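Structural overview
Residue-level listing of the chains:
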Amino acid sequence: MNPDLNEQIAYYSARAAEYDEWWFRQGRYDWGIEKNLQWANESDGIRRRLKGREMVETGLELACGTGIWTHELLKFCDHVTALDASAEMIAINSTKLQSPKVEYQRVDLFQWSPARQYDFVFAGFFLSHVPPDRLPGFLKTIADALKPDGRFFFVDSQNERSSMAKDHGQPVAEVGTRRRKLKDGREFTVVKVFYDPVGLESEFQQAGIQLKVERTENYFLYGEGRRC
């Protein structure tokens, strides 16, 4: 698989203004009361996993997007460094939060290397956009960004049709990619890999992060661990 990762960045830049419709189950992502409630209950469960932590000095967010998770990190991080490849995503995030505790950096995460280490690193809905051949190197980068015994948390998608927009197509022939459509009809191919939890735990272990991966009932894959 040799996906065009620049097309993936272009997709999220173009999607920035409508991204929150996915999270809040609006428009094309509204699958009805029952499924929307299931989504809300499962997503609230993920938030609860992040609550009640002791304050830490430094947090790092990989692919910060529109600020949904940046907001949560600010509840227990004195300072958050928020990274994203999309200027449009960063603009929405910073406008929403308007927090002096957040430092934004526009970077391509596949080319980025950390200049410092952090107490807590978070990745929201990004691991599934990492091609399998790049995963070991990317996880090693995460480990390098963590202080000794630093904590890592991720949340991502399960392969559930009602997680996507109703007009999104099925996976294309090449394994690990999907065609994604915007409201204006433009289509993009993005990486979308639904990693096996046991295999993912092993990959993290090899990178130097002890991690337990779990699933919610329908929609989310998540994991929490620490640098070994």
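Since the structure is predicted, the reported quantities are computational estimates derived from the model, not experimental observations. (Residues numbered from 1 in each chain as written. Predicted model: local features only at pLDDT ≥ 70, side-chain atom pairs only at ≥ 80, totals over all residues. Heavy atoms only, no water.)

Brief notes about the sheet that holds strand β3 (residues 102–106)
Ordered by their spatial adjacency, 7 strands build an open sheet running β3-β2-β1-β4-β5-β9-β8, and the pairing between neighbours is mixed. Looking at which strands have only one partner, the edges of the open sheet turn out to be β3 and β8 (209–215). Direction aside, the axes of adjacent strands within the sheet are offset by 15 degrees on average. The pairing of strand β1 (residues 56–62) with strand β4 (residues 118–124) spans 4 bridges and is classified as parallel. Its bridge partner being in β4, Leu62 is matched across the sheet by Ala123. Strand contacts of helix α5 (residues 87–97): β2 (77–84) and β3, with the helix running at about 170 degrees to β3, the strand carrying the most contacts. In the packing of helix α6 (residues 135–145) onto the sheet, the strands contacted are β1, β4, β5 (146–157), β8 and β9 (220–227), and the crossing angle to β5 comes to about 135 degrees. (Pairing = 2+ DSSP bridges. Helix = DSSP H or I, 4+ residues; strand = E, 2+ residues; numbered from the N terminus. Axes fitted to C-alpha atoms, helices over the stretch in contact; angles between N-to-C directions. Contact = heavy atoms within 4.5 Å.)

Re the packing of α6 against helix α7 (residues 197–207)
Packing of α6 against α7 leaves a shortest axis separation of 8 Å and a crossing angle of 55 degrees. Judged on the interaxial angle alone, α7 and α6 are oblique. Along this stretch, α6 crosses α7, giving a crossing that reads as right-handed. Only Leu200, Glu203, Phe204 and Ala207 of α7 make contact with α6, whose side of the interface consists of Leu135, Pro136, Leu139, Lys140 and Ala143. Classifying every residue of the contact of α6 with α7 by side-chain character gives 7 nonpolar, no polar and 2 charged. (Parallel < 35°, antiparallel > 145°, perpendicular 65-115°, else oblique. Left-handed = near helix turned anticlockwise from the far one by under 90°. Nonpolar A, V, L, I, M, F, W, Y, C, P; charged D, E, K, R; others polar.)

A closer look at the packing of aromatic side chains
Using the criterion set out here, one finds 25 aromatic pairs in the structure. Look at Phe125 and Phe220: their rings are 6.0 Å apart centre to centre, the planes differ by 70 degrees, and that puts the pair in the edge-to-face class. You can see Phe125 sitting in the loop between β4 and α6 and its partner Phe220 sitting in strand β9, a full 95 residues away along the chain. Phe220 carries the same exposure label as Phe125, and that label is buried. Taking the centre distance of 6.3 Å and the plane angle of 10 degrees together, the rings of Phe154 and Phe204 count as stacked. Of this pair, Phe154 sits in strand β5 while Phe204 is found in helix α7, placing the two residues 50 residues apart along the sequence. Per residue, the accessibility class of Phe154 equals that of Phe204, and both read buried. Directly above the ring of Trp39 sits Arg25, whose terminal nitrogen or CZ lies 3.7 Å from the centroid. Geometry around Trp31 places Lys166 over its ring, the cationic atom sitting 5.9 Å from the centre. (Phe/Tyr/Trp six-rings, centres within 6.5 Å; stacked < 30°, edge-to-face > 60°. Buried < 20%, exposed > 50% of the residue type's maximum accessible area, 1.4 Å probe, protein only. Lys NZ or Arg CZ within 6 Å of the ring centre and 35° of its normal.)

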